[in-house]
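Commentary on secondary and tertiary structure
Now for the letters of each chain:
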Number of protein chains: 4
Amino acid sequence: MAELAGGVIPPLCTPLTPDREVDVPSLEKLTGHLLEAGVHGLFVTGSTGEAGYLPDAARYRVLEVVAGVAADSVPVLAGVIDTATPRVVEHARAALRHGASALVATAPFYVPTHPVEILTHFRQIRAAVDLPLLAYDIPVSVHTKLDPETVVELAADGTLRGLKDSSGDLDGLRTVLETLPDRDFLVFSGSETMADTSLQLGAHGLVPGLGNADPRGYVRLYDAAAAGQWQQAATEQARLRRLFRVIGVGARPMSRYSSAIGAFKEALVQLGVIEHGTTSVPMVALDGAERVEVRRHLVEAGLLQA
Amino acid sequence: MAELAGGVIPPLCTPLTPDREVDVPSLEKLTGHLLEAGVHGLFVTGSTGEAGYLPDAARYRVLEVVAGVAADSVPVLAGVIDTATPRVVEHARAALRHGASALVATAPFYVPTHPVEILTHFRQIRAAVDLPLLAYDIPVSVHTKLDPETVVELAADGTLRGLKDSSGDLDGLRTVLETLPDRDFLVFSGSETMADTSLQLGAHGLVPGLGNADPRGYVRLYDAAAAGQWQQAATEQARLRRLFRVIGVGARPMSRYSSAIGAFKEALVQLGVIEHGTTSVPMVALDGAERVEVRRHLVEAGLLQA
Amino acid sequence: MAELAGGVIPPLCTPLTPDREVDVPSLEKLTGHLLEAGVHGLFVTGSTGEAGYLPDAARYRVLEVVAGVAADSVPVLAGVIDTATPRVVEHARAALRHGASALVATAPFYVPTHPVEILTHFRQIRAAVDLPLLAYDIPVSVHTKLDPETVVELAADGTLRGLKDSSGDLDGLRTVLETLPDRDFLVFSGSETMADTSLQLGAHGLVPGLGNADPRGYVRLYDAAAAGQWQQAATEQARLRRLFRVIGVGARPMSRYSSAIGAFKEALVQLGVIEHGTTSVPMVALDGAERVEVRRHLVEAGLLQA
Amino acid sequence: MAELAGGVIPPLCTPLTPDREVDVPSLEKLTGHLLEAGVHGLFVTGSTGEAGYLPDAARYRVLEVVAGVAADSVPVLAGVIDTATPRVVEHARAALRHGASALVATAPFYVPTHPVEILTHFRQIRAAVDLPLLAYDIPVSVHTKLDPETVVELAADGTLRGLKDSSGDLDGLRTVLETLPDRDFLVFSGSETMADTSLQLGAHGLVPGLGNADPRGYVRLYDAAAAGQWQQAATEQARLRRLFRVIGVGARPMSRYSSAIGAFKEALVQLGVIEHGTTSVPMVALDGAERVEVRRHLVEAGLLQA
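About the cut-offs
Residues numbered from 1 in each chain as written. Chains lettered and ligands numbered in written order. Predicted model: local features only at pLDDT ≥ 70, side-chain atom pairs only at ≥ 80, totals over all residues. Heavy atoms only, no water. Helix = DSSP H or I, 4+ residues; strand = E, 2+ residues; numbered from the N terminus. Contact = heavy atoms within 4.5 Å. Expected span 1.5 Å × (residues − 1). Buried < 20%, exposed > 50% of the residue type's maximum accessible area, 1.4 Å probe, protein only. Buried area = accessible area lost by both parts, 1.4 Å probe. Salt bridge = Lys/Arg side-chain N within 4 Å of Asp/Glu carboxyl O. Lys, Arg positive; Asp, Glu negative; His and termini not counted. Pairing = 2+ DSSP bridges. Phe/Tyr/Trp six-rings, centres within 6.5 Å; stacked < 30°, edge-to-face > 60°.

In the annotation of an unreviewed UniProt entry, the entry for chain A reads Dihydrodipicolinate synthase family protein, and the organism field reads Saccharopolyspora elongata.

Moving on: the environment of Val89(D). Residues and elements named next belong to chain D. Mapped onto the elements, Val89 comes out in helix H3 (residues 85-97). Residues Val89 and Thr120, 31 residues apart in the sequence, show an inter-C-alpha distance of 13 Å. Val89 has contacts with Gln124, Ile125, Ala128 and Val129, leaving out every residue within four places of it along the chain.

The next subject is helix H2 (residues 56-70) of chain A. Spanning 15 residues, H2(A) covers 21 Å between terminal C-alpha atoms, matching the ideal 21 Å at 1.5 Å per step. Inspection of H2(A) places Asp56(A), Ala58(A), Arg59(A), Tyr60(A), Val62(A), Leu63(A), Val65(A), Val66(A), Ala67(A) and Ala70(A) among the buried residues, and these make up the whole buried set. Those residues of H2(A) that are buried are in contact with helix H1 (24-36), strand E2 (42-44), strand E3 (76-79) and helix H3 (85-97) of chain A together with helix H2 (56-70) and helix H3 (85-97) of chain B. Ala71(A) sits one or two residues past H2(A) and shows a positive phi near 45°.

Turning our attention to the interface of chain A and chain B. One frequent convention defines the size of an interface as the accessible area lost when the parts assemble. Counting residues at the interface gives 45 residues for chain A and 45 residues for chain B. Across the chain A/chain B interface, buried area totals approximately 3,500 Å², and carbon plus sulfur atoms make up 63% of it. Broken down residue by residue, the surface that chain A buries against chain B is led by Arg87(A), Tyr110(A) and Pro112(A), which jointly contribute 24%. Joining chain A to chain B, the criterion identifies four salt bridges.

One can find Arg59(B) in helix H2. Although buried, Arg59(B) forms no salt bridge, and the nearest oppositely charged side chain, Asp56(B), lies 4.6 Å from it. Among residues more than four places away in sequence, those in contact with Arg59(B) are Arg87(A), Thr45(B), Ala51(B), Gly52(B), Leu54(B), Ile81(B) and His91(B).

Moving on: the environment of Leu4(C). All names here are of chain C. Within the element layout of this structure, Leu4 appears in the segment before strand E1 (7-8). Here the alpha-carbon distance between Leu4 and Val76, two residues 72 residues apart in the chain, equals 8.6 Å. Those residues in contact with Leu4 that sit more than four places away from it in its chain are Ile9, Pro75, Leu77, Ala102, Leu134, Arg161, Leu186 and Phe188.

Moving on: the sheet that holds strand E5 (residues 133-137) of chain B. Residue and element names in this part refer to chain B. The strand order across the open sheet built from eight strands is E1-E8-E7-E6-E5-E4-E3-E2, with neighbouring strands paired in parallel fashion. Both edges of this open sheet fall to strand E1 (7-8) and strand E2 (42-44), since each of them pairs with a single strand only. Bridge analysis of E1 against strand E8 (residues 205-206) gives two bridges, and the strand direction is parallel. Bridge pairing links Val8 to Leu206 in E8.

Our next topic: the packing of aromatic side chains. Summed over all chains, the structure comprises 14 aromatic pairs over all chains. With 4.7 Å between their ring centres and 35° between their planes, Phe109(C) and Tyr110(D) make a pair best called tilted. Within this pair, whereas Phe109(C) is found in the loop between strand E4 (102-105) and helix H4 (115-128), its partner Tyr110(D) is found in the loop between strand E4 (102-105) and helix H4 (115-128), the two belonging to separate chains. Like Phe109(C), the residue Tyr110(D) is buried in the burial classification. Aromatic side chains Phe43(D) and Tyr136(D) sit 6.0 Å apart centroid to centroid with 80° between the ring planes, which places their arrangement in the edge-to-face category.

This is the structure in structure tokens:
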């Protein structure tokens, strides 16, 4: 099986048909689009993939399709997002059946949870399903932060194979990295905008939602960083930072998810990768003016001709 | 079908076997215990019922068992707790199949959501499944508060049949009640400790987790309130407030859920209603000293002989 | 000296001249307006009094003027609002010199503070200045909640003479009241909208900002409650709840303080009590349309002729 | 007057006598200790300087003493920490009189404030006192974050001369820096632990509390960064990150301020710079074991012989 290592592992958008079924041909094209760009792995049913909205059958279908296209050329990580351990374990078992190479799980949410229970949570998931397990630190959704001590303890006892850090806390990321310098533990940054900085601090890889639209940009950034060409990485990052402003196109009342995921999907439509920009209920769809704004960003970033 | 109205509608604990399957005989006994006490409805797979932990099959089994015992003598409300609309709709459809008389749904969580999207969320659930729908306001879990304007708008257009308020915001509850004085809209308080006050402000019913252990207490409180005997209601409430301190028995590192749900279940064991005090992973189980404390509270409240 | 007891103790607005000096004649008229309405005390330099904005000299001038008009007919409570103990003690000493009958202090803010340090804080203030001390629980400003255990401990050792509860947590207020049933400890509710409920739960008094505009309303509510006429109290409360919506008149971008304090002051201008509606920098002033809205609320509440 | 520019500008601790007066000889020695280490400026009455605790007279005395010792060799920045504009303006005027070269002010706190009011706040301070003004972004204390748009707008119109960023949000810091690449605007990081990263992102200077104890370390780090020796800067940073763990010495119930400021002061005592480790009321003093821990950290960092 493709070995999990560092590199660029985009969190795939989930293309939907207008009646909100998984758009399998578009998903296959998106997977190919990423693989051709040279990404090092694929992450499905994460937050960018609308996992919080997708019914179970849709989640598993997405994994199956992407794993099929990837055909073990790169690892396929599956988000197993749910409120607490027994529900997450069910997703983990299903992910194993549907072709996942590794699992990505958050701490429990909705249910109030003590730090000692967070330890139990990850250990039970790991014990239940024999796949590498990454902790997904995303306080904006989970409303708790995984503290570095917890991550280090779970790394030291072999529960966790890595961390996907979407917390924005680079200081904490550095603490994890410096506490476990010699271990076989992988730290991924979920930041689109601080990717170069994260790599310079020692992170092993990137999981940028914007990587759906511009996977080559992140691969260039990663390659520059791997070669120690930090100035070149920063230049690429600066361009990607400008492009990332596309997530703010939604100017009417809507959640930031509606705006960001709508923008990523619309970009993929305009780039000819997927068919429809449809997002899940109850997200607000981008309107015509907002879609024009997406185009403007793509042109400015050099991804489309004016 | 048993008509949803006011009254005492306890949120049932979900008895588990030591290997954490639904303990059906205990659940049947618990249902009978509540019906004999004169409760006016039954609420399954809410927060007290460990819905955040239970796999789907367990959730639906619980509903089926309780609906079977209730046999339409009282309405059975089903919590349909999940992160966003499509996932909640799936639970809602399953709940309809398994015997629910009404649905109880929160706003989306995990996914960031705008107020206009919350409106869409509830409307889509209502449109998808033809059962009375109650909004479940529980900011401690959902991390947003349903504001009174949202509730009133969804009541006015017929989306919501009622509100289960576990927010602790009695001022907001009063605003809802005074804004919709003549409508057929039901407000339930999820508070164990301000039940009398909620009823005096006009709430129609109670959904107290402590009502698992002492349903007769809450029925007496409700009956006193219905008769305008507020002093008697307050006296009953004072006794129940003391008993509610049982949720603090867990003195070691554990979440407040571990302590509270552990205490409710242990009380049911000691009262001879259910077989095991087992709670879901990753909750911490009460130890011997903590279980003795539960007993002390039951004796003080007059529910057990010393 | 006028003895601190229960009753209606409005938190006085601080009238300002157009160049934002204390408007002494208006402040004297406001004090008289409240005393004539039969209030049981006066609270100066609280949040409603813009204490967070007023320089020290203005704070002390306000106290001096109000204490002068009150002439010991009722107690004058002084807010001593500052970030931590040594700064609060300075205000407390000044308040003693300028005529305060009692002090009202929050927990420390701005500086992170542990519960054991909150105990020390109140004890040191009490030790430094020989005036009755009330704790001011206002989490919206202080960003910590005074828990009932802390209040009870400080009541039991004689540090606190009372509590001004602006937290909205009626359950906690009830816990304080039932834990100290026989003590000489005074609980005031800072709620404009749950005053009757607070009194029914056993609170001794009210500190409603809206009492600047309608002190007679709150005195009637209090008198009805004291006579056990709860239905009459609720009717008065319902009228005051409608009037309180006046705090939402500020429809343009502005803080809720700008809207609420602007509305209270504008009401006092329209009622002929004070000269100017001026508020402190950087608050946004109400515009003409918003001032018309204030008038509409006053007419609806029966305080002005149409 | 010494021109404000980049570099290392430590936020001075405020040495106190055992009866909690400003310890002037110790403060003079501390100032000398920092100047000899080659710092580029001095920041008094910030959070590290216990400004939230110090009465006005003590704040101004501190400024006067430090400005006297500095004798215009480096700029002396004065924190003007208070709840809202009129109170901050008073501090700003006093700071001008007592020798400040520049002012550092937060957004309003305690009082709820809208973004448009934050703009007014800084503009009024700037208009009132003719000294360079820096915004102090410290959400842990102020409970709002200064967003990059606000900072950029206030930079563009000449209100702000710079930003002291203690928010930990390196992404936002980068946004400010890239939005104003050519302007004469200074960005200082308040982070002890991400100083090298901040400088690499383009920050102009550092305001590290730990710089009281180890100013030479931060000067070395800054000099390495200025010379583009990023690996050397990172090595120095790694040592300082280990030393910074000293802020966790307080193992008993106490605030993190008690532990951190207690540790900084105890380090200065052990290094022979100041006389007493005394901190303000209501902070908890370090005990003997905790002071031994401080020593252990100093030895490990190479600042003391074992």
